[in-house]
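# Survey of secondary and tertiary structure
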Amino acid sequence: MGNEPATDWPHAVRSVMKSAAALGLVAVIGTALIAGVHKLTAERIAAQERRLVLQRLGEILPPERYDNALHEDRFEFQNEAYFPNGQTVVAYRARREGEPVAVILEFQAVNGYNGKIGLLAGINADGTLTGVRVTSHRETPGLGDPIEAEKSDWIRQFRGKSLANPKPAGWAVRRDGGAFDQFTGATITPRAVVEAIRRALTFFEAQRDMLFNSETQPVNGATS
């Protein structure tokens with residue numbers, strides 16, 4: 001036993017500490033890389049969503065109808081009674097020679113089959129819809145995605161509609177006694193969209209002056 005080599009504890013401790021430091025450095029670098037990739041991906045997704053919104057704005061309201069910078073004449077607000085689940089609504093105002101033409105609201109139907117459905121609804125100053133478009137959703141492909149204008153004309157039927165056309169009882173899918181078709185095998189998705197648009201029209205009727213007269217907010221503000 002007296003001939004056993006002595007253990008070099010200082011060397012062993014230094015070796016363990018170096019390994020731990022190397023692993024820690026790798027972990028820090030890995031975390032930083034993941035965070036960086038996430039940030040870049042989030043920025044690209046946000047930029048793509050902004051491009052889609054601008055494209056949809058043009059589909060809902062032709063540029064020749066207004067002479068202001070529609071994407072700059074905007075503000076944000078929240079109203080739980082009409083736009084639930086704490087969502088932030090963006091209102092884009094269209095004007096011609098300073099007079100109100102229409103408001104395009106960017107908001108969400110919160111009770112889709114697979115979650116939130118992003119919507120743009122254009123509302124003329126007289127309360128009629130200029131059109132509606134979907135900006136995002138996670139509905140089941142083949143069942144819920146006919147809400148997309150590229151896949152079905154269903155979403156186009158809202159143009160020209162108002163709280164008077166159809167009457168309030170008609171703002172539901174046919175299965176619920178309303179005027180709007182549901183999809184084959186899918187009722188929850190169109191039901192959510194119809195209800196969200198009805199709420200937006202009701203809000204417009206009650207808050208028309210506020211929507212057109214609220215102070216414009218910076219374009220780089222957060223969106224819903």
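Everything discussed here concerns the structure shown above.
Residues numbered from 1 in each chain as written. Predicted model: local features only at pLDDT ≥ 70, side-chain atom pairs only at ≥ 80, totals over all residues. Heavy atoms only, no water.

## Things to note about a nonpolar patch on the surface
Stated formally: Patch building starts from residues that exceed 30% relative accessible area and form no salt bridge, then joins like charges within 9 Å and nonpolar side chains (Val, Leu, Ile, Met, Phe, Trp, Tyr) within 5 Å. Shrake-Rupley sampling with a 1.4 Å probe provides the accessible areas, and residues are treated as covered by the protein chains on show and by no other component. One speaks of a salt bridge when a side-chain nitrogen belonging to Lys or Arg is within 4 Å of a carboxyl oxygen belonging to Asp or Glu. Think of it this way: any DSSP run of H or I at least four residues long counts as a helix, any run of E at least two long counts as a strand, and we number them from the N terminus. We call a residue buried when its accessible area falls under 20% of the maximum for its residue type, exposed when it is over 50%, and partly exposed in between, using a 1.4 Å probe and counting protein chains only.
Taken together, the side chains of Leu25, Ile29 and Leu33 define a hydrophobic patch exposed on the protein surface, amounting to about 300 Å² of accessible area. Relative to the elements of secondary structure, Ile29 occurs in helix α1 (residues 9-60). Residue Ile29 is classed as partly exposed on the basis of its relative accessible area, which comes to 43%.

## Digging into the pairing of strand β1 (residues 74-77)
Our working definition: By definition, two strands form a pair when at least two bridges between them are found by DSSP.
Where burial is concerned, the two faces of β1 agree: the one with Arg74 and Glu76 and the one with Phe75 and Phe77 are both buried. Strand direction decides the pairing type here: β1 and strand β2 (residues 89-96), joined by 4 bridges, are antiparallel. Within the sheet, the bridge partner assigned to Glu76 lies in β2 and is Val90.

## Focus on the environment of Val90
Mapped onto the fold, Val90 is located in strand β2. Sequence-wise, Val90 and Phe107 are 17 residues apart; in three dimensions their C-alpha atoms are separated by 6.9 Å.

That's the geometry; what it means functionally is another story.
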